[in-house]
Amino acid sequence: QVQVVESGGGSVQAGGSLRLSCAASGITVRNYVMRWYRQAPGKEREVVAGITSSGLTKYADSVKDRFSISRDNAANTVYLQMNSLKPEDPALYYCNAYRATWPSSNSWGQGTPVTVAS
């Protein structure tokens, strides 16, 4: 059974940093496209960052140069380093594991909350 579990959320002052973790079981993260999404109250879920099986990364314009996604294959975990947090960054942050080919998967975690005090 595929499971992804997020952790590391919390409350920080504007300009501060947090590192989110996404620990996976039932899959090998290096074989999947791993993405971080976020959803703020009253807003649609949006993709924040992604990393492919080959290690290519991509970011939403709103977080480029502030957030960094990485993968630890030995720990089977994906991280999201968030620096220079802004008042518009608070949301529930979700991890997603996606693979189109067999064994296909589109698995979500339960989310970890991030709040930023201005």
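A brief report on the enclosed structure follows. Along each chain, residue indices are assigned from 1 in the same order as the chain's sequence is written. In view of the model being predicted, local features appear only for residues whose pLDDT reaches at least 70, and side-chain atom pairs are presented and counted only at 80 or more, with totals across whole chains, interfaces and linings using the full set of residues. To obtain the side-chain values, all non-hydrogen atoms of the structure were used and water was disregarded.

A run of DSSP states H or I qualifies as a helix once it reaches four residues; a run of E qualifies as a strand once it reaches two. Both are numbered from the N-terminal end. On the secondary structure map, Asn76 appears in the loop between β7 (67-72) and β8 (77-82). Throughout, exposure labels follow a simple rule: accessible area from a 1.4 Å probe, protein chains only, divided by the maximum for the residue type, with under 20% read as buried, over 50% as exposed, and the rest as partly exposed. Judged by its relative accessible area of 14%, Asn76 is buried. Within the structure, the side chain of Asn76 is placed 2.8 Å from the backbone oxygen of Ile27, a separation counted as a polar contact. In this analysis, two residues are considered to be in contact whenever any of their non-hydrogen atoms come within 4.5 Å of each other. Sequence-distant contacts of Asn76, defined by excluding residues within four places in its chain, comprise Cys22, Ala23, Ala24, Ser25, Ile27, Thr28 and Val29. Any pair of nitrogen or oxygen atoms within 3.5 Å is treated as a polar contact; in protein, a donor-acceptor pairing is required on top of that, and neighbouring residues in sequence qualify only through side-chain atoms on both sides.

For the rest of this paragraph, the subject is the sheet that holds strand β3 (residues 18-25). Taken in spatial order, the four strands line up as β1-β3-β8-β7 in an open sheet, and their pairing is antiparallel. Two strands bound the open sheet, and with one partner strand each, they are β1 (3-7) and β7. On average, each strand axis in the sheet is inclined to that of its neighbour by 15°, with strand direction left out of account. Sheet topology note: the β3/β8 ladder contains six bridges and is antiparallel. Bridge pairing in β8 links Cys22 to Val78. Pairing between strands is defined by DSSP: at least two bridges between them are needed. Structural elements are reduced to axes, namely lines fitted to C-alpha atoms, with helices fitted over the stretch in contact, and the angle between N-to-C directions of any two is expressed from 0 to 180 degrees.

Considering the arrangement of structural elements, one finds Gly55 in the loop between β5 (46-51) and β6 (57-59). Separated by 60 residues in the primary sequence, Gly55 and Thr115 place their C-alpha atoms 29 Å from one another.

Taking every second residue as pointing to the same face, the buried face of β1 carries Val4 and Glu6, while none of Gln3, Val5 and Ser7 on the other face is buried. One ladder, built from five bridges, connects β1 with β3; its direction is antiparallel. From the neighbouring strand, Ser7 faces β3, where its bridge partner is Ser21.

This next bit is on the packing of aromatic side chains. Only Phe, Tyr and Trp rings take part, Trp by its six-membered ring, and two of them pair if their centres are within 6.5 Å. Stacked means planes under 30 degrees apart, edge-to-face means over 60, and tilted covers everything else. In the structure shown here, the tally under the stated rule is two aromatic pairs. Aromatic side chains Tyr94 and Trp108 sit 6.4 Å apart centroid to centroid with 85° between the ring planes, which places their arrangement in the edge-to-face category. Taken together, the residues Tyr94 in strand β9 (residues 91-99) and Trp108 in strand β10 (residues 105-108) connect sequence positions 14 residues apart. The partly exposed category is assigned to Trp108, whose relative accessible area is 35%. Through a chain of ring-to-ring contacts, the aromatic side chains of Tyr37, Tyr94 and Trp108 assemble into a single cluster. For a lysine, the NZ atom is tested; for an arginine, the CZ atom; a charge sits over a ring if that atom is within 6 Å of the ring centre and within 35 degrees of the ring normal. Its guanidinium or amino end placed over the ring of Tyr94, Arg45 lies 3.8 Å from that ring's centre, counting from NZ or CZ. Arg99 extends its terminal NZ or CZ atom over the ring of Tyr32, reaching a point 5.6 Å from the ring centre.

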